[in-house]
Each structure stands twice: as C-alpha cells, then as structure tokens.
Amino acid sequence: MAYASKKEEESGLSSYYNNKTTIIQEARVFNESPISPRKCRALLTRIVYLLYIGESLSSQEATTLFFGTTKLFQHKDSALRQMVYLAIKELATTAEDVIMVTSSIMKDMQPNSEVIYRPNAIRALCRIIDPSMAQGVERFFKAAIVDRTPSISSAALVSSYHLYPDAKDVVKRWVNEAQEAVNAKSSPSFFGGSSAGYLNFGSSGASNSGYQPIPSTSYIAQYHALGLLYLIRKQDRMAVTKMIQQLGGGKSGAGTTLKNPMALCMLIRYAAKAVDEDPNVQRQMLDLLDGWLRHKSDMVNLEAARAMCEMKSVPPAQLSKAISVLQMFLSSPKPVLKFAATRTLASLALIQPSSVATCNVDLENLIADSNRSVATYAITTLLKTGNEASVDRLMKQITGFMSEISDEFKVIIVDAIRSLCLKFPTKHVSMLSFLAGVLRDEGGYDFKRAVVEAMFDMIKYIADCKEQALSHLCEFIEDCEFTKLSVRILHLLGMEGPGSPQPTKYIRFIYNRVVLENATVRAAAVSSLAKFGVNAIDVGLRRSIGVLLNRCLDDVDDEVRDRAAMYLKVMKERPLADVYIKEESVFSLAALESKLVAYISDPVAASQPFDTTSIPKVSRAQLAAESVRQSTLDTVAMPVARTDPTPPPPTAADTQSAYVQQLAEVPELAEYGPVINSSAKSAQLTESETEYQVTCVKHIFKEHIVFQFNVTNTLPDTILEQVSVIMQPQADCGLTEDFIIPVPTLTSSPSSGIVYVSFSRDNPEEYATGSFQCTLKFVSKELDPSTGEPEDEGYEDEYQLEDVELAAGGDYIIPSYASFSSEWDRLRTGASSTETFSLTAMESIKAACDSIIEILNMEPLGGTETPTSPSVHTLQLSGLVSGVRCRMTYAKGEGVTLELGVRAEQEKACALVVSAVSG
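These figures come from a predicted structure and were not determined experimentally. (Residues numbered from 1 in each chain as written. Predicted model: local features only at pLDDT ≥ 70, side-chain atom pairs only at ≥ 80, totals over all residues. Heavy atoms only, no water.)

**Things to note about the overall build of the chain**
Reasoning step 1: Per the secondary structure count, the chain includes 41 helices and 20 strands.
Reasoning step 2: By the burial criterion, 48% of the 919 residues in the chain qualify as buried.
Reasoning step 3: Across the chain, every contact between residues at least 6 apart in sequence was considered, and the portion connecting residues at least 24 apart equals 66%.
Reasoning step 4: As displayed, the chain has an accessible area near 45500 Å², and 52% of this comes from carbon and sulfur atoms. (Helix = DSSP H or I, 4+ residues; strand = E, 2+ residues; numbered from the N terminus. Buried < 20%, exposed > 50% of the residue type's maximum accessible area, 1.4 Å probe, protein only. Contact = heavy atoms within 4.5 Å. Areas by Shrake-Rupley, 256 points an atom, 1.4 Å probe, with all protein chains shown as cover.)

Encoded structure:
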C-alpha cells in the first residue's frame with residue numbers, strides 16, 4: 001500500500017486535490033455528456049489512490065461513487081474501461097447493491113469478446129458476485145481458464161482462487177481446466193499490436209479492431225493454475241503426491257511441463273510440505289529435488305537446495321549436493337544469490353555444522369563483502385562451524401565491521417558469539433572483551449539486551465569469567481539508559497555478588513543507582529543491597545548495608561521506602577530472612593491462578609482468608625525453565641517454518657488448571673468445593689487398536705472423589721447412546737457411589753465424550769484406596785449410509801475395561817518444592833514414621849530412586865534424584881502432605897535396602913506414604 005510522502009502532505013494543493021470531499025464533488029464529471037475519457041480516468045485514479053492510502057469511505061459515499069462509475073460503461077475507450085473495473089473492484093467491498101452491475105461486466109467477459117479489458121472484467125466480477133451465483137458464471141470461468149491469452153487465463157485462475165473459500169463445490173469442478181492451464185504450451189500475450197499506442201490511451205473505441213495477441217514466454221498462468229490445483233486437492237494427500245510426481249518431470253526434472261520458475265519453486269515447496277506430512281514419500285521427493293538442483297533457473301536451484309537443507313533425516317550424499325549448489329552461489333556476482341545462500345547455510349549450521357564446514361573457505365572470502373548483510377551471515381556461519389583455533393582470528397574480523405551493520409544483524413552476531421563461547425569455554429577472555437566493547441557502543445534496546453543476556457549465560461555456565469563479567473555489567477549500569485536492563489543486572493548482582501570473593505566492590509555501583517536513577521531502578525537496587533546484607537558473613541558489612549538502607553527510608557517513592565523498611569526488619573530477624581530473601585521456592589503460577597479463580601468464584605470460600613497451603617511450589621530454576629527464552633539467533637537466522645510449530649507439552653499445573661475449568665462447567669459438581677488434586681496423567685483403560693478408546697482421570701475433593709472417563713468412538717458408521725461406566729469397588733474401600741453422569745450421544749468425531757462417576761468419602765479424614773472393576777455400557781445404533789441418520793432401534797452392549805486403581809501415592813500427594821533442611825526441621829515436632837524395606841528386584845540405586853519418585857509422585861530436591869554413589873545414597877522428597885527422606889544401600893545380588901523416613905503434620909499422612917511404598 002502506498003502512502004503520501006512528507007513533501008506531498010505539506011503541499012496544500014496536493015491535500016486539496018486528493019481530499020475525499022473534493023473527489024466526491026468532482027464525481028459530477030461522470031454525468032457529463034459527452035463523456036471525457038481523460039477527465040474520468042484522472043478522477044478514477046484519484047479515487048483508487050485515496051483508497052490505497054487508507055482513506056475510508058462510508059457506505060453511502062462508496063455507493064454514490066460506485067454507481068457514478070458504472071455510468072462510464074457507455075463509453076468504449078479501453079483505458080477508461082480498465083480504470084472503471086479497477087475502481088469497481090476496490091469500491092465493491094464497501095458499496096451497497098453492487099450486484100446490479102453484474103450484467104454489464106458479463107458482456108465484457110464473453111469468450112468471443114476480443115477486448116483488452118476482459119481480464120479486468122473477470123477480476124471485478126469475482127468481487128461483485130454472491131457465492132450462490134458462482135454456478136451461474138461457471139461456463140465463463142471455465143472458458144477463461146483455458147483461454148490462449150495468459151492475462152485472461154491468469155485473471156480467471158486468481159479469481160477462482162478467491163472464490164474457493166465461499167464456493168468450494170463449484171470451484172472443485174474446474175480442476176480439469178486448471179490442469180489444462182498447467183500443461184499449456186506457449187500462448188499469446190495481452191499486449192496488442194495496434195498502432196494506437198500502449199493500452200490504446202487516448203484512442204476511441206473503434207481502435208479496438210487492431211487487437212492482435214503476440215506470443216508470451218513467461219508462462220505465468222502455470223503459476224496461478226498450480227496454486228488453484230493445490231488448493232482444490234490439499235485435503236487429499238495422495239492426490240497432492242501424485243500431482244507433484246506428474247509435474248516433477250522424473251529424476252532429472254527435464255520432463256516437467258512447468259516452464260515458469262515461480263511455478264517450479266511452488267511445486268518444490270509443496271514437495272517439502274508433503275514430506276513433512278508423510279515421511280514415507282521422502283525418497284521419491286528427494287529424487288525430484290535432486291533433479292531440480294540442476295535446473296537452468298537459479299531461483300529453482302536455490303529453492304530445491306533450501307528445501308533439502310530444511311528437511312529432516314536427509315542422507316549425507318544428497319545433502320552434500322545441495323550444499324555444493326549453495327557453495328557455488330557464494331561466489332556469484334549477484335548479491336541476492338549470495339545472501340540467500342549464506343542465510344540458508346547459517347540455518348543449516350545450527351543443526352549440522354560439520355556438513356557446512358566444507359564451505360568455510362568461501363565464507364571467509366565474504367567477510368569483506370560490500371553487502372554487510374551477506375558478511376554478517378557469513379560470520380555467524382563461521383562462528384558455528386569454526387574450530388577453537390580460528391576463534392581469535394574471527395573475533396578480530398568481526399570487530400572491524402560491527403559499527404557498519406544494523407542492530408538486527410548485531411543481535412545475530414552477538415548470539416552466535418554466545419553459542420561459540422559456551423562451545424569453547426577456554427576462549428572466554430577474548431569473547432568477553434568483545435562483548436564488553438560492543439556494550440559501550442551505541443545501540444538500541446534489543447541489541448543491548450542480547451549482549452547482556454550473553455554475559456548472563458557466560459556467568460551461569462563459565463565460572464572462570466564470573467568476576468570479570470560482573471565488573472563489566474557494573475560499569476554498564478553506570479550509564480545505562482534502559483530501565484529493564486538495569487533492573488535485571490541489579491537482580492543478578494544481588495544473586496551472584498554476595499558469594500564472590502570481594503562482595504564489597506559491587507556495593508558502590510549498586511548504591512549509586514539509589515542516588516542517581518528513577519524509582520523503578522532504585523527499588524531494584526534496594527532489593528539487591530538487602531541480599532548482600534542478609535547473605536554477608538562479615539558483621540561489619542551487614543552493619544554498613546543497614547546504614548545504606550536507613551538512608552533509603554527518606555526516599556520520595558513509596559515502593560523504595562517500603563522495600564527498605566521491610567528489608568531492615570528482615571535483616572534483624574533470621575527466620576524472616578529465610579522466608580523472604582533466601583527462599584528458593586515460589587508458587588506454581590498456573591496452580592495459583594486456578595486456585596484464585598476458584599476462590600473468587602465461590603461466595604462461601606471468599607468469606608474466608610485465602611489458603612495457600614494447598615498450592616504446590618516449584619523451584620526458581622523450574623520456573624525459569626518453563627519461561628525459557630528462545631535464542632534470538634534461532635528466530636532471526638532460521639527461515640519461516642512451513643508448518644505450525646509444535647506447542648510445548650502442558651505442565652502438571654497447566655493440566656490441573658484445565659481440569660478445574662472443565663469441572664466448573666458441570667452443575668452436579670458445583671457444591672463439591674475446590675479440587676484438591678487431579679491425576680497428572682490419564683490412565684489408559686483400553687488397547688490402542690480397539691474400537692472404543694477410554695481413559696480415566698481421578699479428581700480428589702474434600703468429601704468426594706470423581707472419576708472422569710474420556711470415551712472416544714472410532715467406528716464411523718456407528719453412534720453410541722446413553723454411554724456410561726459401571727464401577728464395582730472392592731469391599732470396605734471407604735467410598736459410597738453417588739451418581740453417574742452419562743453421555744447422551746457419542747459419534748465418531750475426534751473429540752471425546754466425558755462420563756463422570758461420583759463417590760462420597762465415608763470419612764473425609766481418611767485416605768481411601770482400592771481397585772474398581774469398570775464396564776462401559778451403551779446403546780449401539782447403526783447409521784443409515786444414505787441419510788446419515790441413526791436407526792430407530794439399537795441394541796444394548798457393554799465393553800470390559802481395565803481396572804482403575806485409587807492409589808495411596810499419586811492420587812493424594814501433590815509434588816511441591818521446598819528447602820529440605822528447613823522443611824525437615826520444621827516438621828520435627830509433627831508426626832513421623834520410619835520403616836525399612838528390602839527391594840530385591842532393583843538392579844541399582846538409580847532404578848530405586850526412579851521407582852520411588854514415580855510411586856509417591858513427590859518432588860525430588862537438591863538433585864538427589866541422580867545418585868552420586870553406586871552403593872550409598874539419600875533421596876530427599878517433598879509434597880504438600882509430608883517430607884520424605886530415603887536412605888538406601890545397594891549390594892550386588894541382594895538389591896537395594898531402603899530406610900524410609902517420613903515426617904508430616906498428621907499421622908495419617910505418614911501412614912499414607914508408608915502404605916504407598918509397602919503396597
């Protein structure tokens with residue numbers, strides 16, 4: 001879309017000339033007699049320009065202009081008629097009653113109408129007609145699609161493409177014509193041989209007799225026809241594969257009927273997509289791509305090479321051919337080919353750096369290329385494929401042109417250096433010096449953030465550079481203009497500074513922020529100072545921090561004063577410091593959100609204080625892992641994905657939150673109160689090959705237990721009615737059945753029907769356990785193939801399911817992170833239990849750890865899930881009901897001997913954990 005330049009906007013004449021009110025007033029020229037083609041063309045141009053720059057017309061204004069424009073059909077001037085169609089096409093979306101002009105347009109669409117504006121008429125008709133009228137114009141479109149003139153054929157194909165979403169059934173019948181357009185031989189162009197000049201400007205209608213098509217060699221209609229063919233067939237995977245193979249031209253690619261390079265490029269993309277959807281066709285598609293690598297068009301060569309580089313599991317022999325083609329383009333005199341080749345190699349180097357290493361010599365020659373974008377991608381590729389010996393040389397070459405490239409490419413360079421530093425930690429000195437240097441240069445927020453995050457990663461993973469990196473960051477915040485970066489750096493200083501050999505050297509930089517910065521940074525600096533005060537071993541340092549925090553009590557900002565007051569109180573009382581500063585656990589955000597939603601939705605619960613004891617906690621490392629950032633290099637250097645990216649699997653807290661929302665929509669369960677726990681994983685109760693798929697999820701309430709059965713019908717010609725699950729519990733399991741909520745009707749749709757079975761807990765204080773025999777009951781009805789309606793009468797049937805276990809561990813215990821030593825000491829005065837077990841079937845301590853974690857469904861703490869000794873180990877676990885310490889020894893031939901220590905606030909919780917292991 002074009003926009004007016006600043007100079008044009010400042011011109012009063014231009015603003016008046018292209019003013020909406022002025023144009024509407026001047027539309028009187030459409031009513032003049034005789035019609036002046038030149039004046040009307042000029043006004044139509046201004047109308048179209050007005051719409052292109054974003055000016056909006058009311059429905060009444062658009063309708064007035066639309067029907068004023070249609071009066072110009074009386075004149076036969078070709079150039080005027082083309083402008084009329086262009087204006088009609090743009091106004092049709094806003095104006096009313098546009099369908100009235102259909103007959104005038106269809107006169108110009110007649111197959112025997114040899115006029116230059118026939119393609120324009122086809123495009124305009126596509127915007128005018130109602131989808132229900134598509135069948136009425138089918139004959140015209142079919143004739144136009146196979147027309148010998150490329151402009152007419154292309155207009156019909158593109159219009160068909162736009163009609164397809166609203167008139168699928170009609171457009172699908174044009175597949176034979178589209179196939180014929182794809183296979184078309186050389187055809188004439190729409191450029192006429194008339195002596196009246198280009199497009200007959202200034203001529204009269206009588207001059208149209210000179211219309212003489214001349215041959216065209218662009219074959220653009222093939223491109224449009226291929227797009228329409230794929231749109232019609234894309235739901236049929238076999239048809240798409242067959243189309244690709246027919247048009248591919250065999251292994252050499254020489255037999256293809258496609259002459260247009262853009263059509264071949266599109267066919268290559270369809271081939272790559274077919275491989276993504278069905279890996280079984282990869283070999284055939286790779287043979288086609290291999291042939292297209294030798295096509296005479298550079299565009300086709302590049303597209304084929306890029307498709308092979310992006311494809312998964314390509315054999316090395318064929319991948320090397322694609323890399324050879326890209327390597328040839330690296331020495332091309334055309335900048336666009338060099339840029340495309342280096343960008344594709346940079347993407348491939350993320351996955352297979354060793355394969356790209358063969359191009360390193362050519363890539364090094366591009367470092368000094370006049371096109372800085374090409375040089376940037378060459379550098380980043382070399383950084384990913386180079387070895388340790390070449391790092392220093394590359395760093396010197398990079399430093400030279402950092403000031404000549406844009407921030408976007410600077411970010412790519414910085415992220416490549418970050419990856420290389422983590423790959424070769426011994427080279428951190430030169431890379432850290434480079435990052436510190438560019439941090440002092442001019443640049444925007446994204447660039448500075450990339451440098452700071454690179455330093456953060458170096459501090460985290462390379463211990464030797466921590467002191468130097470922290471010093472560079474301290475110098476950076478002295479004149480940092482970005483508040484977000486200052487706050488993040490101050491937080492890092494508070495986390496890493498107190499444990500450094502000389503913590504006092506960072507305090508000056510932090511306190512300077514309290515004096516010189518805005519309120520947000522000052523508040524972050526106060527929090528950072530408090531961490532030094534709490535974690536300092538030196539009493540004198542703690543006293544000095546107290547003096548600095550006392551000065552902050554006079555700050556003009558409320559947040560700064562409140563933080564200072566709180567931290568002064570915390571520093572005087574050690575237990576508070578352990579909770580508010582040293583605490584490594586935080587609430588699971590998804591679980592906290594679901595509990596808060598349930599709390600404010602329940603009027604009875606909202607009258608009581610919000611209880612946080614039932615909310616599981618996670619470590620700060622787990623929270624950071626859930627919200628881990630994607631490397632900027634991965635997003636900028638990688639090409640646009642052809643398919644939607646696979647979403648990350650939901651966390652346990654996300655699953656719990658989804659179940660809470662689902663249960664809230666069941667009226668029968670509204671009085672049960674909040675859900676205490678739901679199964680983290682659904683239990684499969686049928687084989688994957690059976691006609692009925694059933695899974696079970698257990699929901700624990702304070703006084704009830706609800707079993708949720710997700711039932712899927714895989715039989716397309718059968719419908720199930722009154723679907724329910726009959727559960728037979730063991731005797732004395734402590735549960736009484738309340739009711740069953742069946743599924744009224746279950747078709748073969750992919751979505752599942754949900755059956756709920758509710759039980760009351762006879763004693764809510766007890767942890768009821770047991771096994772349930774389950775039977776799926778339903779009424780089966782066959783579907784009439786002609787009408788799709790079910791039969792009037794069906795037959796009752798039942799299907800035996802696997803037993804459902806209500807276990808002591810995974811169903812009642814919610815994993816929650818905690819500081820084990822402080823939590824174990826806190827529960828010292830509560831209930832405790834110690835039991836010894838002989839686990840003779842366990843072949844190692846690691847296997848015993850995995851089994852215990854799975855049975856108890858508790859959170860392992862401090863990395864104890866990974867044993868450091870093959871013979872002796874202590875596993876520490878935490879959940880909302882208790883803390884567990886498992887001491888174990890292993891002897892070959894005797895298995896693992898386990899001493900299980902449990903501490904909890906209630907005796908029944910201890911018994912629950914012990915019974916889970918012993919059962």
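**Quick look at the confidence of the model for the chain**
Reasoning step 1: The predicted model of the chain averages 81 in pLDDT, with 88% of residues at 70 or higher.
Reasoning step 2: In this model residues 186-211 is a low-confidence stretch, pLDDT under 50, and it forms 57 contacts with partners more than four residues away in sequence or in other chains.
Reasoning step 3: Segment residues 628-647 is flagged for pLDDT under 50; beyond a separation of four residues in sequence, or across chains, it makes 35 contacts in the model. (pLDDT = per-residue confidence, 0-100.)

**Focus: the environment of glycine 248**
Reasoning step 1: With respect to the helices, strands and loops of the structure, glycine 248 is situated in helix α14 (residues 237-248).
Reasoning step 2: Measuring from C-alpha to C-alpha, the distance between glycine 248 and leucine 267 comes to 7.9 Å, with 19 residues separating the pair along the chain.

**A look at a negative patch on the surface**
Reasoning step 1: On the surface, Asp717, Glu782, Asp784, Glu789, Glu791, Asp792 and Glu793 cluster together to form a negatively charged patch.
Reasoning step 2: Tracing the chain through its elements places aspartate 784 in the loop between β13 (770-782) and β14 (795-800).
Reasoning step 3: Residue classification places aspartate 784 among the partly exposed positions, given a relative accessible area of 33%. (Patch = residues over 30% accessible without salt bridge, like charges linked within 9 Å, V, L, I, M, F, W, Y side chains within 5 Å. Salt bridge = Lys/Arg side-chain N within 4 Å of Asp/Glu carboxyl O. Lys, Arg positive; Asp, Glu negative; His and termini not counted. Charge placed at Lys NZ, Arg CZ, Asp CG, Glu CD.)

**Some points on the sheet that holds strand β18 (residues 872-878)**
Reasoning step 1: Pairing within the open sheet is antiparallel, and its 5 strands lie in the order β16-β20-β19-β18-β17. The open sheet terminates on both sides in strands that have one partner only, identified here as β16 (831-839) and β17 (859-860).
Reasoning step 2: Across 2 bridges, the pairing between β17 and β18 is antiparallel. Within the sheet, the bridge partner assigned to proline 860 lies in β18 and is leucine 877.
Reasoning step 3: In the packing of helix α40 (residues 845-856) onto the sheet, the strands contacted are β16, β17, β18, β19 (882-891) and β20 (895-904), and the crossing angle to β18 comes to about 15°. (Pairing = 2+ DSSP bridges. Axes fitted to C-alpha atoms, helices over the stretch in contact; angles between N-to-C directions.)

**Description of empty space enclosed by the protein**
Reasoning step 1: Tallied over the entire structure, the rule returns 2 cavities of 30 Å³ or more.
Reasoning step 2: Contributing elements (two or more residues each) for the lining of the second largest cavity: α39 (820-826) and β18.
Reasoning step 3: Considering each element in turn, the lining of the second largest cavity owes the most residues, 3 residues, to α39. (1 Å grid on protein atoms, 1.4 Å probe; cavity = no way out; pocket = protein on both sides within 12 Å on 5 of 7 lines; lining within 4 Å. Points joined across faces, edges and corners; volume = space filled by probe spheres on them.)

**A look at the packing of aromatic side chains**
Reasoning step 1: Under the counting rule described, the total for this entry stands at 14 aromatic pairs.
Reasoning step 2: Taken together, a centroid distance of 5.8 Å and an interplanar angle of 85° make the contact between tyrosine 377 and phenylalanine 409 edge-to-face. Placement of tyrosine 377 in helix α22 (residues 372-385) and of phenylalanine 409 in helix α24 (residues 407-423) is noted, with a sequence separation of 32 residues between them.
Reasoning step 3: Put simply, the rings of Phe73, Tyr85 and Tyr117 touch in pairs and so form one group of aromatic residues.
Reasoning step 4: The lysine or arginine in question, arginine 508, covers the ring of phenylalanine 509, its NZ or CZ lying 4.2 Å from the ring centre. (Phe/Tyr/Trp six-rings, centres within 6.5 Å; stacked < 30°, edge-to-face > 60°. Lys NZ or Arg CZ within 6 Å of the ring centre and 35° of its normal.)

**Concerning helix α30 (residues 519-535)**
Reasoning step 1: When the terminal C-alpha atoms of α30 are compared, their 25 Å separation across 17 residues agrees well with the 24 Å that a helix rising 1.5 Å per residue should span.
Reasoning step 2: Buried residues dominate α30, accounting for 14 of its 17 residues.
Reasoning step 3: N-capping of α30 is provided by asparagine 518, with a side-chain oxygen placed 3.2 Å from the backbone N of threonine 520. (Expected span 1.5 Å × (residues − 1). Polar contact = N/O pair within 3.5 Å; in protein donor to acceptor, adjacent residues only side chain to side chain.)

**Some points on the side chain of arginine 81**
Reasoning step 1: One can find arginine 81 in helix α6 (residues 78-91).
Reasoning step 2: Beyond its immediate sequence surroundings of up to four residues, arginine 81 is in contact with Phe73, His75, Lys76, Asp108 and Tyr117.

**Looking at the environment of serine 347**
Reasoning step 1: Looking at the secondary structure, you find serine 347 in helix α19 (residues 335-349).
Reasoning step 2: Remark: the alpha-carbon pair of serine 347 and tyrosine 377, spanning 30 residues in sequence, is separated by 9.5 Å.

**Quick word on α19**
Reasoning step 1: If you check α19, its first and last C-alpha atoms are 21 Å apart, about what 15 residues at 1.5 Å a residue would give, namely 21 Å.
Reasoning step 2: α19 sits mainly inside the fold: 11 of its 15 residues count as buried.
Reasoning step 3: Burial in α19 covers these residues: Leu337, Lys338, Ala340, Ala341, Thr342, Thr344, Leu345, Ala346, Ser347, Leu348 and Ala349.

**Some thoughts on unusual backbone geometry**
Reasoning step 1: A cis amide bond, omega 0°, links serine 33 with the succeeding residue proline 34.
Reasoning step 2: With respect to the helices, strands and loops of the structure, proline 34 is situated in the loop between α3 (20-26) and α4 (37-52).
Reasoning step 3: A positive phi angle is found at aspartate 97, which is not glycine, with a value near 55°.
Reasoning step 4: Position of aspartate 97 among the secondary structure elements: in the loop between α6 and α7 (102-108).
Reasoning step 5: Here the phi dihedral of glutamine 722 falls at roughly 50°; this positive angle occurs in a residue that is not glycine.

**Here we look at the pattern of salt bridges**
Reasoning step 1: Using the criterion set out here, one finds 33 salt bridges in the structure.
Reasoning step 2: The partner of aspartate 290 in a salt bridge is arginine 294, and the shortest N-O contact between them spans 3.3 Å.
Reasoning step 3: A relative accessible area of 54% places arginine 294 in the exposed class.
Reasoning step 4: Put simply, arginine 828 and aspartate 825 hold a salt bridge, and the shortest N to O gap is 3.1 Å.

**Remarks on the packing of helix α10 (residues 150-163) against helix α13 (residues 220-233)**
Reasoning step 1: Two numbers describe how α10 lies on α13: the axes approach to 9 Å, and their chain directions differ by 25°. Taken together, the axis directions place α10 and α13 in an arrangement best described as roughly parallel. Considering only the axes of α10 and α13, their crossing is left-handed. Two secondary-structure elements touch here, α10 through Ser153, Ser154, Leu157, Val158, Ser160 and Tyr161 and α13 through Ile220, Ala221, His224, Ala225, Gly227, Leu228 and Leu231.
Reasoning step 2: A class-by-class count of the residues in the contact of α10 with α13 yields 8 nonpolar, 5 polar and no charged. (Parallel < 35°, antiparallel > 145°, perpendicular 65-115°, else oblique. Left-handed = near helix turned anticlockwise from the far one by under 90°. Nonpolar A, V, L, I, M, F, W, Y, C, P; charged D, E, K, R; others polar.)

**A closer look at the packing of helix α16 (residues 282-292) against helix α17 (residues 298-310)**
Reasoning step 1: With their axes 8 Å apart at the nearest point, α16 and α17 run at an angle of 145° to one another. The crossing of α16 and α17 is left-handed. Across the interface between the two elements, Leu286, Leu289, Asp290 and Trp292 from α16 touch Val300, Asn301, Ala304, Ala307 and Met308 from α17.
Reasoning step 2: Across the contact of α16 with α17, the residue classes break down as 7 nonpolar, 1 polar and 1 charged.

**Details of the side chain of asparagine 120**
Reasoning step 1: Assignment of secondary structure puts asparagine 120 in helix α8 (residues 118-128).
Reasoning step 2: Within polar-contact distance, the side chain of asparagine 120 engages the side chain of glutamine 82 at 3.4 Å.
Reasoning step 3: Beyond its immediate sequence surroundings of up to four residues, asparagine 120 is in contact with Gln82 and Tyr85.

**Quick word on the state of the cysteines**
Reasoning step 1: This structure, assessed with the given rule, holds 0 disulfides.
Reasoning step 2: Free of any disulfide, cysteine 774 has its nearest neighbouring cysteine sulfur in cysteine 696, separated by 6.6 Å. (Disulfide = S-S within 2.5 Å.)

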